Amino acid sequence: MRKYNSTSIVEETALRRSGKKFWYTPTEKTKIIEVDDFPTLGKLAAIRFIEWLLLNPEGVISLPTGKTPEYFLKWVTYFLQNWNKAEARKELGAWGLDVKKKPRMNSFAFVQIDEFYPINPNHENSFAYYVKKFYFGGFGLDPKKALLMDAWKIGAPPEKDLGWVFPEGRVDLSLRHRKPSNEREGLQHKALCEMDQFAMEYEGRIEQLGGIGFCLGGIGPDGHIGFNIRSSDHFSTTRLTSINYETAAAAAVDLGGIEVSRNKAVITIGLKTITENDSATAIIIAAGEDKGKVVKDAVEREPSILYPATVLQKLPAARFYLTRGAAKQLIERRYESLESLPEIPYSSASRILIDIASMRGGELTSLTKSDLQKDRIGCLLLKKTTDWRKLEQRISSDLEKRIEKGLEEVEGLTFLHTSPHHDDVMLGYLPYLLHLVRKPENSHYFATMTSGFTSVSNSYLLSKLRDLEEFLQKELLSDVMAEQNYFSPDNMVARNRDIYSYLDGVANDSSHMQTEAEARRMLRNLIELTGEFETKSIRKETGDLKNYLMSAYPGEKDIPGIQKLKGMIREWEEELLWAHLGFNCSHISHLRLGFYTGDIFTPTPEWERDIEPVLSLLRKINPDVITVALDPEGTGPDTHYKVLQIISGAMRTFMKENPKKKLKVWGYRNVWHRFHPSEADISIPVSMNSLAIMKAAFHICFGSQKAASFPSYEYDGPFCNLAQKVMVEQYAVLKTCLGRDFFYASNVPRLRATRGLVFLKCMDPEEFLDEALLTRKFMEGGKEHSFFSPCADVKTVIKYEHCD
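What you are looking at is a predicted structure, and each value in this text was computed from that prediction instead of being measured. (Residues numbered from 1 in each chain as written. Predicted model: local features only at pLDDT ≥ 70, side-chain atom pairs only at ≥ 80, totals over all residues. Heavy atoms only, no water.)

Visitor: Just checking my understanding: could you explain the overall build of the protein for this structure?
Guide: Regarding its fold elements, the protein presents 30 helices and 17 strands. For the protein, the C-alpha radius of gyration of 28 Å lies close to 28 Å, the compact-globule estimate for 804 residues. Taken along the three principal axes of its C-alpha coordinates, the protein extends 75 × 75 × 65 Å. Here the protein holds 804 residues, and 57% of them are scored as buried. Within the protein, contacts between residues separated by at least 24 positions form 77% of all contacts whose residues are at least 6 apart in sequence. When the accessible surface of the protein is split by element, carbon and sulfur atoms take 49% of a total near 33300 Å². (Helix = DSSP H or I, 4+ residues; strand = E, 2+ residues; numbered from the N terminus. Rg over C-alpha atoms; globule rule 2.2 N^0.38 Å. Buried < 20%, exposed > 50% of the residue type's maximum accessible area, 1.4 Å probe, protein only. Contact = heavy atoms within 4.5 Å. Areas by Shrake-Rupley, 256 points an atom, 1.4 Å probe, with all protein chains shown as cover.)

Visitor: How should the packing of aromatic side chains be read in this particular structure?
Guide: We describe a pair of aromatic rings using the distance from one ring centre to the other and the angle between the two ring planes. Inspection of the entire model under this criterion finds 34 aromatic pairs. Where Tyr432 meets Trp666, the ring centres are 5.5 Å apart and the plane angle is 20°; that geometry is what we call stacked. Of the two residues, Tyr432 sits in helix H17 (residues 424-436) while Trp666 sits in strand S15 (residues 664-668), which places them 234 residues apart along the sequence. Among the residues examined, Tyr432 registers a relative accessible area of 3% and is labelled buried. Here Trp666 falls in the buried class, since its relative accessible area comes to 6%. (Phe/Tyr/Trp six-rings, centres within 6.5 Å; stacked < 30°, edge-to-face > 60°.)

Visitor: How should the pattern of salt bridges be read in this particular structure?
Guide: Pairing is possible between side chains that carry opposite charge, provided their charged atoms lie close to one another. By the definition in use, this model includes 54 salt bridges. Across the salt bridge formed by Asp36 and Arg324, the nearest N and O atoms sit 3.2 Å from each other. Placement of the pair is Asp36 in the loop between strand S1 (31-35) and helix H2 (38-55) and Arg324 in the loop between strand S10 (317-323) and helix H12 (331-339), with a sequence separation of 288 residues. The salt bridge involving Asp544 is made with Lys540; its shortest N-O contact spans 2.9 Å. Remark: Lys540 and Asp544 occur in helix H22 (residues 535-551); sequence separation between them is four residues, near one turn of the helix. A relative accessible area of 35% places Asp544 in the partly exposed class. (Salt bridge = Lys/Arg side-chain N within 4 Å of Asp/Glu carboxyl O.)

Visitor: Would you mind going over the sheet that holds strand S13 (residues 588-590) with me for this structure?
Guide: Strand pairing within a sheet occurs via backbone hydrogen bonds; the two strands may be parallel or antiparallel. Taking strand neighbours across the sheet as the criterion, the seven strands line up as S13-S12-S11-S14-S15-S17-S16 in an open arrangement whose pairing is mixed. The outermost strands of the open sheet, each flanked by one partner alone, are S13 and strand S16 (682-687). Averaged over all pairs of adjacent strands, the angle between their axes in this sheet comes to 25°, without regard to strand direction. Both S15 and strand S17 (residues 754-763) contribute to a ladder of four bridges, which runs antiparallel. Residue pairing in the sheet places Tyr668 in a bridge with Leu760 of S17. Across the sheet, helix H23 (residues 560-580) lies against strand S11 (414-419), strand S12 (443-448) and S13, angled at about 170° from S13, the strand it touches most. (Pairing = 2+ DSSP bridges. Axes fitted to C-alpha atoms, helices over the stretch in contact; angles between N-to-C directions.)

Visitor: Help me out: how do you make sense of the nonpolar core in this one?
Guide: In summary, soluble globular proteins display a tendency toward joint burial of nonpolar side chains. Ranked by size, the top nonpolar core spans 116 residues in total, and within it Phe72, Tyr117, Tyr135 and Phe139 carry the most contacts. It is H2 that provides the largest number of residues to this core, a total of 10 residues. Once residues lying within four places of it in the same chain are set aside, the contact partners of Tyr135 are Leu63, Pro64, Phe72, Leu73, Phe110, Tyr130, Gly140 and Leu141. (Core = buried A, V, L, I, M, F, W, Y, C linked by side-chain atoms within 4.5 Å.)

Visitor: Just checking my understanding: could you explain the confidence of the model for the protein for this structure?
Guide: As a general rule, the predicted coordinates of low-pLDDT regions are not to be interpreted in detail. Looking at the protein, the pLDDT average stands at 93 and 96% of residues meet or exceed 70. Low confidence marks residues 782-804, where pLDDT is under 50. Its contacts with residues over four positions away, or in another chain, come to 50 contacts. (pLDDT = per-residue confidence, 0-100.)

Visitor: Even after reading the chapter, I still don't get the environment of Val99, so can you show me in this structure?
Guide: Positionally, Val99 belongs in the loop between helix H4 (86-94) and strand S3 (109-111). In this structure, Val99 is in contact with Trp83, Arg89 and Leu92, ignoring residues within four places of it in sequence.

Visitor: Sorry if this is basic, but what is going on with the pairing of S11 here?
Guide: On any regular strand, side chains alternate: one points to one face of the sheet, the next to the other face. The element S11 is largely enclosed, with a buried count of six among its six residues. Side chains of S11 alternate between two faces, with Thr414, Leu416 and Thr418 and Phe415, His417 and Ser419 buried alike. Direction of pairing for S11 relative to S12: parallel, over a ladder of six bridges. Its bridge partner lying in S12, Thr418 is registered against Ala447. Pairing geometry for S11 and strand S14 (residues 625-629), over three bridges, is parallel. In the sheet register, Phe415 faces S14, and the bridge partner there is Val625.

Visitor: Teacher, can you tell me more about the layout of surface pockets here?
Guide: Leftover empty space is mapped by rolling, across the atoms, a probe with the size of a water molecule. If you add up the space inside the second largest pocket, you get close to 460 Å³. Elements supplying a minimum of two residues to the lining of the second largest pocket: helix H9 (258-261) and H22. Of the residues assigned to the lining of the second largest pocket, the class counts are 10 nonpolar, seven polar and four charged. (1 Å grid on protein atoms, 1.4 Å probe; cavity = no way out; pocket = protein on both sides within 12 Å on 5 of 7 lines; lining within 4 Å. Points joined across faces, edges and corners; volume = space filled by probe spheres on them. Nonpolar A, V, L, I, M, F, W, Y, C, P; charged D, E, K, R; others polar.)

Now the structure itself:
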């Protein structure tokens, strides 16, 4: 095995800047470097990579795919392309690098980490395509010195490919061990055997190269590295294997739906492959609080097949590069942060005591000193708090007050409910809305920021086009087509009639009425999309769209017309939802902001394209309360973060224009992340009735989501079920902390009926803008924002404050 130089001045510099130790023994078993934000994470990985290249010419490298390496790719490309420029040389020099000689990128051998099986390498959602685009094209690595995974041709008959061998991409690995039952299975058996042979030889070729010298990767929702999922053998080598649900769910968007991804097999290098050379540098990068649990398991637990990344503990130069959020659950780091403070803040103390009470299964006010002493952070709280009994009582009282606030009648207010996607508000706090809308003195408006087209599968759109085609062939829409201007894009009355017709069909239990209403709306959408009103032209367009959908590969980026049509389906679904509560299209704004493109790395929001439409809406509605999806750094879809920044940018200007406005912001979360009870200041009781309404409305309205083609990795099923699970779990925590009698023995019927809780965070504009700014610093490094300046004739990088 080749011996690599794993020494690092870069890591020493990063460690000094972080103010943290490399590791906190004996709890932590792998060394860690913390950084403040997501861009700095990528920058650190990039500079460490360049340092390794300079120290190990002609070495063997293995690099990741996906969204996590976004800033790694950008920074490495920047330094390589600007090596001789003073600014780049100064930056690298500040990290201790000798920049006299640029790394000769075509001298390094590259090893592909993993790939879906089967998949066409020319498809944009294949890892092979990613490698060719970013590592061969961007970094200048030599394809001739690369070990790549052929998941398309190996084992296929002449003139055929594995897409033909495995129709619909369905792979049955049991064929390795059982007798094929037909000719097709015989071909598949042969292909699997040949791929197993390839995997063995691939491993051998890595060994001949001297083993991997530098491996950079992310960590999956189940803790996987590469495709070494939970329960992977720590002595595993390169192989063809299956994946678990969490991994399939995470890949669903890229592959066109869980229906596709859960049937795929994968090729992956093994855990032994990564660690075989004991002089190798292996770095895991992780950003955001959602990664906290898998990071904690990987770093603090003993080596176990249940936690694949624990294999790295045997490698001296293994590292975890983490943002503060990803490191948040590491116990000794949390202890040190709190210990350094003169006193533990009330919010932190609340979190500590609520967690201990929940873990012990007892009321807050019944916690004993012994309970606290058994907890590492609890001990620190005892040490730093003079009257912990009084603190328990205060926290318990505050939790009760937050529930009381959730029961208060709210009236005389104008609400603007905003959401990144069309079902976010529903999944976040529909049970509260059911009470808010009962007061006629309140006004409600709904604004969805994106078109949401990525969450509509090709198969669903195809089914709706076929329904329309059948209705046109049978002339079942002739009456409405004969009405003058019925399908005119600006005919809001007719748009509302589509909705009412569908809901009448639901009420009448008539699937025909529902399908007819959907066909009407699809026809309306096609007319708006094409400008064609003639039946013959519409039928031709329908046929062309069907042909496109049937020929597109799963996960392929949609053409603009398909994107818009899928987005219109999502808009129709949201209109159905709010019509349940009596709100028609005049109360709903579909903003279709342009930053939402469906690309792997979405563009930064721009002032004119993305922020001004939201600002115009604020000016028009002049709300008293605006609701916002409030997810912390690196959690949930990237869309949620960008929408948060867009709304904060618009609000900043709106408040400058209306300095005396008494605006409130309600932050909500749903299936992507939860508030800790210590973070929320409004807790709304949710009854069985509200849960039933939420489930029924979701299935009635969100037809494209019922099959859960793009689910959460936490739950195999539709989002409404996961939202219910979240609400019920939140209730369980507070029921434990306050005692069941707080609910069961209450003289308030709504409290006795409580079976779930919705958490909201109420803020004034200044608090919200501070929160958004903090999140932006985590995600963008606190740099100035590249929104377009409305005060200049050219694109200008401006600060978050809008020019006056």
